[in-house]
Amino acid sequence: MPLHIVQAAAFPFPSPQGSQVYVAGMARALARRGHRVTVACYHHGQGELPEGIEVLRTPRVPGYNNMRAGPDWVKPGLDLAMALQLSTLHRRTGGRPPDILHAHNYEAPLAAYIARRFTGVPVVYNNHNTMGEELHRYFEHPLAQRAARRLGRVLDLQIPRRADASVAISQSALPILEGLGCRRVEQIPPGVDLEDFEGADGARARAEHGFGDRVWVVYAGNPDAYQDLEILIEAMLSVSSLGLVMVSASPLTEWERLAAELPAARKRFLLREDWAQVRDIIAAADIAALPRTVCSGYPIKLLNYLGLGLPTVASEGSAQALPGVVSVPNHDPQAFAAALVALAQDAERRRELGEQARAGVARSCTWDAQAARLEALYLEILSGGAAPSAG
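These notes cover the structure that comes with them. (Residues numbered from 1 in each chain as written. Predicted model: local features only at pLDDT ≥ 70, side-chain atom pairs only at ≥ 80, totals over all residues. Heavy atoms only, no water.)

Topic: the sheet that holds strand 7 (residues 185-187)
And step 1. Pairing is parallel in the open sheet, where seven strands are placed in the order 3-2-1-4-5-6-7. Every other strand in the sheet has two partners, leaving strand 3 (54-57) and strand 7 as the edge strands with one partner each. Pairs of neighbouring strands in the sheet enclose a mean axial angle of 25°, with direction left out of account.
And step 2. Two elements, strand 2 (residues 36-41) and strand 3, share four bridges in a ladder whose sense is parallel. Within the sheet, the bridge partner assigned to A40 lies in strand 3 and is L56.
And step 3. Seen against the sheet, helix 1 (residues 18-32) touches strand 1 (4-8), strand 2, strand 4 (100-104), strand 5 (123-126) and strand 6 (165-168) and runs at an angle of roughly 160° to strand 2. (Pairing = 2+ DSSP bridges. Helix = DSSP H or I, 4+ residues; strand = E, 2+ residues; numbered from the N terminus. Axes fitted to C-alpha atoms, helices over the stretch in contact; angles between N-to-C directions. Contact = heavy atoms within 4.5 Å.)

A look at the packing of aromatic side chains
And step 1. Here the structure, examined in full by the defined rule, presents four aromatic pairs.
And step 2. With 6.0 Å between their ring centres and 90° between their planes, Y106 and Y125 make a pair best called edge-to-face. Here Y106 is found in the loop between strand 4 and helix 3 (107-119), whereas its partner Y125 is found in strand 5, with 19 residues between them in sequence. Each of the two residues, Y106 as well as Y125, counts as buried. (Phe/Tyr/Trp six-rings, centres within 6.5 Å; stacked < 30°, edge-to-face > 60°. Buried < 20%, exposed > 50% of the residue type's maximum accessible area, 1.4 Å probe, protein only.)

Quick look at the layout of surface pockets
And step 1. When its volume is computed, the second largest pocket comes out at roughly 670 Å³.
And step 2. Along the wall of the second largest pocket there are 30 residues; nearest its centre are A24, R28, E48, D196 and W275.
And step 3. For the lining of the second largest pocket, the elements supplying multiple residues, two or more each, are helix 1, helix 10 (275-284) and helix 11 (300-307).
And step 4. Looking at the lining of the second largest pocket element by element, the count peaks at six residues for helix 1. (1 Å grid on protein atoms, 1.4 Å probe; cavity = no way out; pocket = protein on both sides within 12 Å on 5 of 7 lines; lining within 4 Å. Points joined across faces, edges and corners; volume = space filled by probe spheres on them.)

Notes on the sheet that holds strand 9 (residues 243-248)
And step 1. Pairing is parallel across the open sheet formed by six strands, whose spatial order is 10-9-8-11-12-13. Of all strands in the sheet, those with a lone pairing partner are strand 10 (267-271) and strand 13 (325-328), marking the two edges. Here the strands of the sheet are splayed against their neighbours by 25° on average, with no regard to which way each runs.

Re helix 1
And step 1. For helix 1, which comprises 15 residues, the first-to-last C-alpha distance of 21 Å matches the rise-based estimate of 21 Å (1.5 Å per residue) to within 8%.
And step 2. Where helix 1 is concerned, the buried positions are Q20, Y22, V23, A24, G25, M26, A27, A29, L30 and A31.
And step 3. In the segment just after helix 1, G34 is the residue with positive phi, at about 95°. (Expected span 1.5 Å × (residues − 1).)

Comments concerning a negative patch on the surface
And step 1. A cluster of acidic residues, E48, E51, E273 and D274, forms a negative patch at the surface.
And step 2. Assignment of secondary structure puts E51 in the loop between strand 2 and strand 3. (Patch = residues over 30% accessible without salt bridge, like charges linked within 9 Å, V, L, I, M, F, W, Y side chains within 5 Å. Areas by Shrake-Rupley, 256 points an atom, 1.4 Å probe, with all protein chains shown as cover. Salt bridge = Lys/Arg side-chain N within 4 Å of Asp/Glu carboxyl O. Lys, Arg positive; Asp, Glu negative; His and termini not counted. Charge placed at Lys NZ, Arg CZ, Asp CG, Glu CD.)

Focus: helix 14 (residues 367-382)
Owing to its 3.6 residues per turn, the α-helix brings residues three or four apart onto one side.
And step 1. Relative to the 22 Å expected for 16 residues at 1.5 Å per residue, helix 14 spans 22 Å between its end C-alpha atoms, a close match to the ideal helical length.
And step 2. Buried within helix 14 we find W367, Q370, A371, L374, E375, L377, Y378 and I381. Along the long axis of helix 14, the arc covered by the buried residues comes to 165°, so they all point the same way.
And step 3. G384 sits one or two positions beyond helix 14 and adopts a positive phi of about 90°. (Arc of directions from axis to C-beta.)

Quick word on the environment of A112
And step 1. Along the chain, A112 turns up in helix 3.
And step 2. Given the relative accessible area of 0%, A112 is considered buried.
And step 3. Setting aside its immediate chain neighbours within four residues, A112 contacts L86, L101, A103 and V123.

Side note on the pattern of salt bridges
Oppositely charged side chains are able to pair whenever their charged atoms sit close together.
And step 1. Scanning the model with the defined rule gives 20 salt bridges in all.
And step 2. A salt bridge links R28 to D196, with the shortest nitrogen-to-oxygen separation between them at 2.9 Å. Of the two residues, R28 sits in helix 1 while D196 sits in the loop between strand 7 and helix 7 (202-208), which places them 168 residues apart along the sequence.
And step 3. For R28, a relative accessible area of 22% translates into the label partly exposed.
And step 4. We classify D196 as partly exposed; its relative accessible area is 21%.
And step 5. A salt bridge links R292 to E134; its shortest N-O distance comes to 3.8 Å. One end of the pair, R292, is in the loop between strand 11 (287-290) and helix 11; the other, E134, is in helix 4 (residues 131-134), with 158 residues separating them in the sequence.

Okay, here's the thing in structure tokens:
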């Protein structure tokens, strides 16, 4: 039975950043299964919209085009506008309400819960993180950090449990959501569309950016504080020959400053919004890096690294049990550097891990497989199989 599924995502869309890539992949896969999919999002974004989906944008705020995650003074207004749009979507389209509101992160579930009061549409909460682990990382002053930690914990205790069902994005998130009072939790990891990796031209990108014969380590993703990029940079400062390329849709100024002692020949900081360009840069590198130490979600960038055949050194807090991943202890730049050097010195090992990584992603990490599981969850909720919401 075709459903109308609204993916409520309180952020700019589309964008090459992790959560946006996750929502785009989910939406495309559900649309391929014959469902009507609407992505409710902010008024702005970067790049081409996924095919086969509708987009419901908040009203435009002149001059506002912030692509970064984290709090600011404009977003609450956008979130309220999203709640109003979700509550009246059926009236403006002349049809019945959607079947499912699938809400991501924390602001979108709040908007979806407001809409549920007016429409009765069930809400699926999709975890990407917890606020207790992340919110304080957006502030520098100790008092602000303490306040943000407390607020984050309150949000964790209040928002997820109010959904009709929840999607845990990783195995580690499953007990966290259950511990927060979520009544019906399904662990469904993210996926990839293999065609997104087709046509990657690493050789062209190596030539364009002057990589030469050096072994290069890549980080591709947002540069926010919770990514623990200082671990990667400290590791790179302790080795003598490897190159570091960091690519993001957001400015990398802070990390360029931190890496000032790296010779110019060994560093590239690239601002890129287009996935095809980001893909080529990842493919041009030899090793990928994932230094994040706390992650109750699932780092989408990891699947991109592995799908493009890169062995990936990851802090244990964000590492996943997938072929091609080399896990190192959290908060240990020396161990991170040692793992990078060991791979850099063993081209055959890099090749083997890269082949295993690519094959593993193709075998078990596609969006089409995960979309079938999401569809089953939606149908269970609509048939009355999920527990009632908490509010």
